[in-house]
Amino acid sequence: MSTEVKKSGRLIKAPENFLSKEDAKSPALMRRKFLAASVSSAAASMAAMGLASSARAASPVSGAGDPNILNLPTHTTGLGQPVAANPYGMPSQYEKGLQRRESPGLTRVSAASVAFTPLQGTFGIITPSGLHFERHHQGWWDIDPSKHRLMVMGLVKNPKVYTMDDIMRLPSVSRIHFIECGANTAMEWGNVAVPTVQYSHGMVSCSEFTGVPLSVLLEDCGIDMKKAKYVLGEGADGSSMTRTIPLDRALDDVLVAYGMNGEMLRPENGYPLRLVVPGIQGVSWVKWLRRIEVGDQKWATKDEAVHYIDLMPDGLHRQYTGIQEAKSVITTPSGGQTLLDKGFYNISGLAWSGRGKIKRVDVSVDGGRNWRTARLETPVLSKAFTRFNIDWVWNGGPAILQSRAQDDTGYVQPKINQLREVRGTRSIYHQNAIQSWKVAENGEVSNVQVY
Ligand code: MTE
């Protein structure tokens, strides 16, 4: 094993980090501090287990003398806080930097805006509920569930109005799915626009949703299967969000959900009721759901006839494009981070497809010349995030990191120029191109486009 492989590289995270602001400003200083201390994590844990002296005897460059080990902290000698000091648990005070953030200047009013998920700082495939991205057209509300109603009407024998109690007494299922706004990565159609993965890809999250299959409600109301072709979902907020869903999809895996990650939906994400439309762009996941109408033709509402359409190179608009095609992104190392040392890094990222499961993710560290297949971590679920990891030893030279996802239909995530050939550059939605992160010799990672 070369010395570079043995030494785990460290990086300055972005935009949050565990290092002081001064340290973060000066990677060179950090590198010197790191080399001087020569603290290997193995030595540190041996010391913690009381093996410090033997470790010292075996290797003079261990963590010996580290005040963090030698001086007993108050948390070892004092009494900790009582149970239920925080009746609803919160993250550590040291994790405050990890937040959803609104991109400055993105919209004129924050009530019609987006707060992006910090993908660079989450692990595994579940997005913590407090970090789930938010996209509202007319602000969010915390609606009283005792007053909330869902009406199912149109081409059904028995139109009904359900209370939340009615819905929560019906047979329920729980499923893990990603939700991605059709506008995710929209700013990158023309050229590089934003510095970090939070802003380039953070309009996607993945949660476990609990609710009633829409098919159960439609059957309960006696859907007219001879005439019915489409279903409309309508939200209770001021944006009058309405979206048409084809009947075969509505009867397949769509949920009327009240649960998210083991508890009720958060208000920002549609409490107390929302549509979950797996694999389909976020706008169809109507929040604060108050009405389902069954019909025999598309409604052509404002959110599907004028908004959420794709301007094609021939000048025509493509409507009703809902499926989020296979996409992936390396979340670390990623834009805004700084690699402090040569050596080992775990390249980690997320892949997802609106058509099914992720079959394979390949990773390149030289801008797409050579590819290696990454490890897919289990579970690998349909229409859900899949976490991938791959080992990399950074030799200190320039590198371009890319990931390329393939789903179980055989579809392969395209390069940005392949996507532009078909879609042009004037689109807003459905940008699923391969993302490139450039690692400079000084360790700084930045967003670039490779054609
Ligand atoms: N539903 C209603 N009623 N109002 C809205 O503004 N925004 C839509 C969709 N459902 C919206 C809505 C859009 S554009 C997206 S991307 C998703 O909700 C975002 O869901 P989230 O805020 O839970 O991430």
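All figures in this text were calculated on a predicted structure; none of them were measured in a lab.

A. Here's a closer look at the site of the ligand. Around the ligand, the structure places 22 residues, and the nearest of them are Phe 133, His 137, Asp 237, Arg 274 and Lys 287. At 3.1 Å from a nitrogen atom of the ligand is found a main-chain nitrogen or oxygen belonging to Trp 285. Against a free-state accessible area of 530 Å², the protein chains account for coverage of 100% of the ligand. Per-class residue counts for the shell around the ligand are nine nonpolar, seven polar and six charged.

B. View of the packing of aromatic side chains. Scanning the model with the defined rule gives six aromatic pairs in all. When the centroid spacing of 5.5 Å and the interplanar angle of 85 degrees are considered together, the rings of Phe 116 and Tyr 199 count as edge-to-face. Here Phe 116, found in the loop between strand E2 (114-115) and strand E3 (134-135), pairs with Tyr 199, found in helix H8 (residues 197-201); they are 83 residues apart in sequence, far enough to count as distant. Each member of the pair, Phe 116 together with Tyr 199, is buried. Looking at Arg 404, its charged tip hangs above the ring of Trp 371, at a distance of 4.1 Å from the centre.

C. Seen up close, the nonpolar core. One finds Leu 150, Leu 218, Leu 275 and Ile 292 to be the most contacted residues of the largest nonpolar core, which totals 50 residues. Residue assignment for this core shows that the elements contributing at least two residues are strand E4 (149-154), helix H7 (164-168), strand E7 (204-213), helix H9 (214-220), helix H10 (247-252), strand E10 (255-260), strand E12 (274-276) and strand E13 (289-295). In terms of residue count, the dominant contributor to this core is E10 (five residues). Aside from chain neighbours lying at most four places away, what touches Leu 218 is Val 152, Ile 223, Val 231, Leu 247, Leu 251, Ile 292 and Val 294. Of all hydrophobic cores here, the second largest spans 30 residues; its members include Val 204, Val 329, Leu 339 and Ala 384.

D. Just the pattern of salt bridges, in detail. Applying the stated criterion across every chain yields a total of 19 salt bridges. A salt bridge links Asp 310 to Arg 318; the shortest N-O distance between them is 3.0 Å. Exposure remark for Asp 310: the relative accessible area of 0% places this residue in the buried category. Linking Arg 375 and Asp 391 is a salt bridge whose minimum nitrogen-to-oxygen distance equals 3.6 Å.

E. Here's a closer look at the side chain of Asp 253. If you trace the backbone, Asp 253 turns up in the loop between H10 and E10. Residue class for Asp 253 comes out buried when judged on its relative accessible area of 12%. In terms of polar contacts, Asp 253 uses its side chain to reach the side chain of Lys 383, at 2.9 Å.

F. Highlighting the confidence of the model for the protein chain. Mean pLDDT over the protein chain works out to 90, with 88% of the residues at or above the 70 mark. Here residues 29-60 is modelled with pLDDT under 50, and outside its nearest four sequence neighbours on either side it reaches 30 contacts, counting other chains as well.

G. Fine view of the sheet that holds strand E21 (residues 375-376). As summarised here, the arrangement of the four strands in space is E16-E18-E22-E21, forming an open sheet in which the pairing is antiparallel. At either margin of the open sheet sits one strand with a lone partner, and together these are strand E16 (327-332) and E21. With two bridges joining them, E21 and strand E22 (residues 386-394) adopt antiparallel strand pairing. Bridging from a neighbouring strand, Arg 375 pairs with Asn 389 of E22.

H. Quick look at the side chain of Thr 242. Mapped onto the elements of the fold, Thr 242 is located in strand E9 (residues 242-246). On the accessibility criterion, Thr 242 (9% relative accessible area) is buried.

I. Up close: the environment of Leu 232. For Leu 232, the position within the fold is in strand E8 (residues 230-235). Each C-alpha atom, one on Leu 232 and one on Gly 295, is 7.7 Å from the other, the two residues being 63 residues apart in sequence. Those residues in contact with Leu 232 that lie beyond four places of it in its chain are Thr 242, Arg 243, Thr 244, Arg 291, Ile 292, Glu 293, Trp 299 and Thr 301.

J. The arrangement of unusual backbone geometry in detail. Each neighbour pair has its own omega, and for Tyr 271 with Pro 272 the value is 10 degrees, a cis peptide bond. Tracing the backbone through its elements, the reader meets Pro 272 in the loop between strand E11 (263-264) and E12. Geometrically, the link from Thr 332 to Pro 333 is a cis peptide bond, its omega value of -5 degrees lying close to zero. Within the secondary structure layout, Pro 333 lies in the loop between E16 and strand E17 (338-339). Phi is positive for His 430, close to 60 degrees, though the residue is something other than glycine. Residue position: His 430 is located in the loop between helix H12 (416-423) and strand E24 (436-439). On the basis of relative accessibility, which here comes to 11%, the residue His 430 falls in the buried class.

The rules behind each value
- Residues numbered from 1 in each chain as written.
- Predicted model: local features only at pLDDT ≥ 70, side-chain atom pairs only at ≥ 80, totals over all residues.
- Heavy atoms only, no water.
- Near = heavy atom within 4 Å.
- Polar contact = N/O pair within 3.5 Å; in protein donor to acceptor, adjacent residues only side chain to side chain.
- Areas by Shrake-Rupley, 256 points an atom, 1.4 Å probe, with all protein chains shown as cover.
- Nonpolar A, V, L, I, M, F, W, Y, C, P; charged D, E, K, R; others polar.
- Phe/Tyr/Trp six-rings, centres within 6.5 Å; stacked < 30°, edge-to-face > 60°.
- Helix = DSSP H or I, 4+ residues; strand = E, 2+ residues; numbered from the N terminus.
- Buried < 20%, exposed > 50% of the residue type's maximum accessible area, 1.4 Å probe, protein only.
- Lys NZ or Arg CZ within 6 Å of the ring centre and 35° of its normal.
- Core = buried A, V, L, I, M, F, W, Y, C linked by side-chain atoms within 4.5 Å.
- Contact = heavy atoms within 4.5 Å.
- Salt bridge = Lys/Arg side-chain N within 4 Å of Asp/Glu carboxyl O.
- pLDDT = per-residue confidence, 0-100.
- Pairing = 2+ DSSP bridges.

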